[in-house]
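# Remarks on the overall topology
Residue-level listing of the chains:
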Amino acid sequence: MAHNDQIAEASLKHPIVPLDKGQLYKYGTAGFRMNADLLEGVAFRVGLLAALRSRKLNSQAIGVMITASHNPSVDNGVKIVDPMGDMLEQDWERFATALVNAPSNEGLVEIYNCLATDLKIDLKIPAKVIYGRDTRPSGHKLITALASALDATNTEHVDYKLLTTPQLHYLVRATNSEGTPLSYGKVSEVGYYEKLASAFVRAMKGKKIDGTLTVDCANGVGGPKLHEFLKYIPKDKVNFDVKVVNDDVLRPEVLNLDCGADFVKTKQRAPPNPKTQAGARSCSYDGDADRIIYYWVDPETGFFMLDGDRISSLAASFIGDLVESAGLRDDIRIGVVQTAYANGASTNYITQHLKLPVTCTPTGVKHLHHVAQGFDIGVYFEANGHGTVLFSPDALDYFRNKAPQSPAQKDALETLVALGDLINQTVGDAISDMLLVEVILAHKSWTLRDWVMTYSDLPNRLVRVEVGNKDLFQTTDAERRLSSPEGAQDEIDNAVKKYKDARSFARASGTENACRVYAEAATRSEANELAERVARIIERYGQ
Ligand code: G16
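Residues numbered from 1 in each chain as written. Predicted model: local features only at pLDDT ≥ 70, side-chain atom pairs only at ≥ 80, totals over all residues. Heavy atoms only, no water.

### Some remarks on the overall build of the protein chain
Each helix and strand counted, the protein chain has 18 helices and 19 strands in total. Its C-alpha radius of gyration of 23 Å places the protein chain within 12% of the 24 Å reference for a compact globule of 543 residues. Considering only C-alpha atoms, the protein chain reaches an extent of 65 × 60 × 45 Å along its principal axes. Here the protein chain holds 543 residues, and the buried ones make up 59% of them. Carbon together with sulfur atoms contributes 51% to the accessible area of the protein chain, which is approximately 21,600 Å² in total. Between the averaged position of the 61 positive side-chain charges in the protein chain and that of its 70 negative side-chain charges there is a distance of 2 Å. (Helix = DSSP H or I, 4+ residues; strand = E, 2+ residues; numbered from the N terminus. Rg over C-alpha atoms; globule rule 2.2 N^0.38 Å. Buried < 20%, exposed > 50% of the residue type's maximum accessible area, 1.4 Å probe, protein only. Areas by Shrake-Rupley, 256 points an atom, 1.4 Å probe, with all protein chains shown as cover. Lys, Arg positive; Asp, Glu negative; His and termini not counted. Charge placed at Lys NZ, Arg CZ, Asp CG, Glu CD.)

Pasting the structure below:
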């Protein structure tokens, strides 16, 4: 069989580290993610799978992103991107797991060949893999391991070096659609900036942005990339005043440290450094710039946060109005996708006020994306700020080709077309989502305070709980209930009953070695108390 000796030889240089207590490596919420010291062999083996996947899909380019996103800098991660720029097809996650957990070199070659035979993959046809990494120093070593697997399998590969995660997703789709009628844009980082900048200008339609936006880049790759992107906005067309903070990528230890979207969302406060000026319109990205949270500190009432649920309802409402103005309400089906973390008030607002259907999926944009694809316009956001809006090719065609009956209709159709280019269609993208929010606020002449006024969030609290073995915790009902360990869900139910308008659930994180507990209740103190109670239950069952 092809490549056997090369794989065996190269694999010796990038060995897999056995995990404690016979545990297995798992393809989690966003690929393999853990302490970077454990990942060299994983990156090599993911390279083998990416090559197989490319050959299975008639030599289309597959992406591999090296990032641990919101995790601390000692961690890293490896995830695979499918040809349209979406996440690896879920069926293939178990193949990735099988390859990565192969116990020996011989076992690895055997599983590789078995997969090729079972999946009817012709190992002689060309394969292509493109990849990028965030700013973590461990990224170099992992890229070397990945490239070594690609060389061993005679796979063409392109190293795009430092990228945000959504930029790699863009490049994968652009590569595979190049020269076709569905071309997604130029196959380069510059192509990404040009596409967003041009769509931003068109979507703004001459509207003015009010004041400065402060962007906290979590000291991650979003910092240099945002600086770069801003150069592409024509100042004479849009006056977008951005102050970039927490953009230090030279000291790895400060990545995601007391800043960034995850910090703001979980701590429900602004990053302490630099001090957020009262009233300043602010947002935070995460370490690989695929999540965004808006906020401001009110001089009188304190901190206000506009998270993924808020962006979702803002986008759904604005796009719904445009569809209405374009006279397409009966032709275009809009749907919203959330997870169990969505604030109950946002779900009520979307279903009752916007009159749009809401679907709940398990955590992980890979789940939300899939459901959103079932609509003409699918709006999906996780509360943590990770999400996007998908326009079906038919909907985009419709917007482009419908003959407007009035100036208002023409305006709405043009804005919809521009949004189709502005919003990253492959995955949640902090830069693109930020531009979307800025466009909407400018069109509505809204401040963040106006945006907050649309509805009141139910007080909520998210707690991270360290447990001995997070795999004990299995869920059902889109992660809203625990199916094991036995008895844990009954105890959570009993705790919830003690509070008014309350809800709580627990699940194992797919990106960290911990469980997460979410609680919502009528008052802040009750939400805090309930979250602590449920956290104690999880601690006890997780020992
Ligand atoms: C990843 C996923 C998100 C998910 C988050 C947290 O985000 O892409 O969809 O919400 O992990 O997942 P978990 O609760 O399982 O740890 P990121 O930004 O870290 O890649």
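### Quick word on the pairing of strand β7 (residues 242–245)
In this sheet, β7 lies alongside strand β6 (residues 213–216) in parallel orientation, the contact comprising 4 bridges. Each residue of the ladder has a partner; that of Val215, found in β7, is Val244. What joins β6 to β7 is helix α8 (residues 222–230), and the crossover it makes is right-handed. (Pairing = 2+ DSSP bridges. Right-handed = clockwise from strand over helix to strand, strands pointing away.)

### Thoughts on the packing of aromatic side chains
Evaluated as defined, the whole model comprises 16 aromatic pairs. Their ring planes at 85° and their centres at 5.2 Å tell us that Tyr27 and Phe32 sit as a pair that is edge-to-face. The burial state of Tyr27 is the same as that of Phe32; both residues are buried. With a centroid separation of 4.7 Å and 10° between ring planes, the pair formed by Trp296 and Phe304 is classed as stacked. (Phe/Tyr/Trp six-rings, centres within 6.5 Å; stacked < 30°, edge-to-face > 60°.)

### Topic: the pairing of strand β8 (residues 281–285)
Counting buried positions along β8 gives 5 out of 5 residues, so the element sits mostly inside the fold. Residues of β8 alternate between two faces, with Arg281, Cys283 and Tyr285 on one and Ser282 and Ser284 on the opposite face, all of them buried. Pairing analysis gives 4 bridges linking β6 to β8, with the strands arranged parallel. Across the sheet, Asp216 pairs through a bridge with Ser284, a residue of β8.

### Section: the site of the ligand
Taken together, 19 residues lie around the ligand, and His70, Glu382, Ser509, Thr511 and Arg516 are the ones closest in. In this structure, Ser69 approaches the ligand through a side-chain N or O atom, which is 2.7 Å from an oxygen atom. Taking Arg291, its side chain carries an N or O atom lying 2.9 Å from an oxygen atom of the ligand. Here the ligand, which alone exposes 460 Å², has 98% of that area covered by the protein. Mapping the ligand onto the cavity grids shows that it belongs to the largest cavity. (Near = heavy atom within 4 Å. Polar contact = N/O pair within 3.5 Å; in protein donor to acceptor, adjacent residues only side chain to side chain. 1 Å grid on protein atoms, 1.4 Å probe; cavity = no way out; pocket = protein on both sides within 12 Å on 5 of 7 lines; lining within 4 Å. Sits in = over half its atoms within 2 Å of the grid points.)

### Topic: the layout of surface pockets
Quantified by volume, the second largest pocket comes out at close to 600 Å³. Taken together, 27 residues form the lining of the second largest pocket, with Met84, Arg173, Phe391, Pro393 and Leu396 sitting closest to its centre. No other element matches helix α13 (residues 393–401), which puts 4 residues into the lining of the second largest pocket. (Points joined across faces, edges and corners; volume = space filled by probe spheres on them.)

### What about the sheet that holds strand β3 (residues 75–81)?
Pairing within the open sheet is mixed, and its 5 strands lie in the order β1-β3-β2-β4-β5. For this open sheet the edge positions go to β1 (32–35) and β5 (156–162), each flanked by a neighbour on one side alone. Within the sheet, the average angular offset between the axes of one strand and its neighbour, ignoring direction, is 15°. Where strand β4 (residues 128–133) and β5 come together, 5 bridges link them in parallel fashion. For Lys128, the partnering residue across the bridge sits in β5 and is Glu156. (Axes fitted to C-alpha atoms, helices over the stretch in contact; angles between N-to-C directions.)

### Observations regarding the side chain of His369
Its place among the elements puts His369 in helix α12 (residues 365–372). On the basis of relative accessibility, which here comes to 6%, the residue His369 falls in the buried class.

### Some thoughts on the pattern of salt bridges
Within this structure, the stated rule accounts for 33 salt bridges. In this structure, Asp262 engages Arg291 in a salt bridge whose closest nitrogen and oxygen atoms are separated by 2.9 Å. Of this pair, Asp262 sits in helix α9 (residues 260–267) while Arg291 is found in the loop between β8 and β9 (292–298), placing the two residues 29 residues apart along the sequence. Looking at Asp262, the relative accessible area reads 22%, which means it is partly exposed. Assessed through its relative accessible area of 7%, Arg291 is described here as buried. Between Glu479 and Arg507 there is a salt bridge, with its nearest N and O atoms 3.0 Å apart. Highlighted residues: Glu479 in the loop between β16 (474–476) and β17 (481–484) and Arg507 in strand β18 (residues 503–508), separated in sequence by 28 residues. Here the two residues Glu479 and Arg507 agree in accessibility, since each one is buried. (Salt bridge = Lys/Arg side-chain N within 4 Å of Asp/Glu carboxyl O.)

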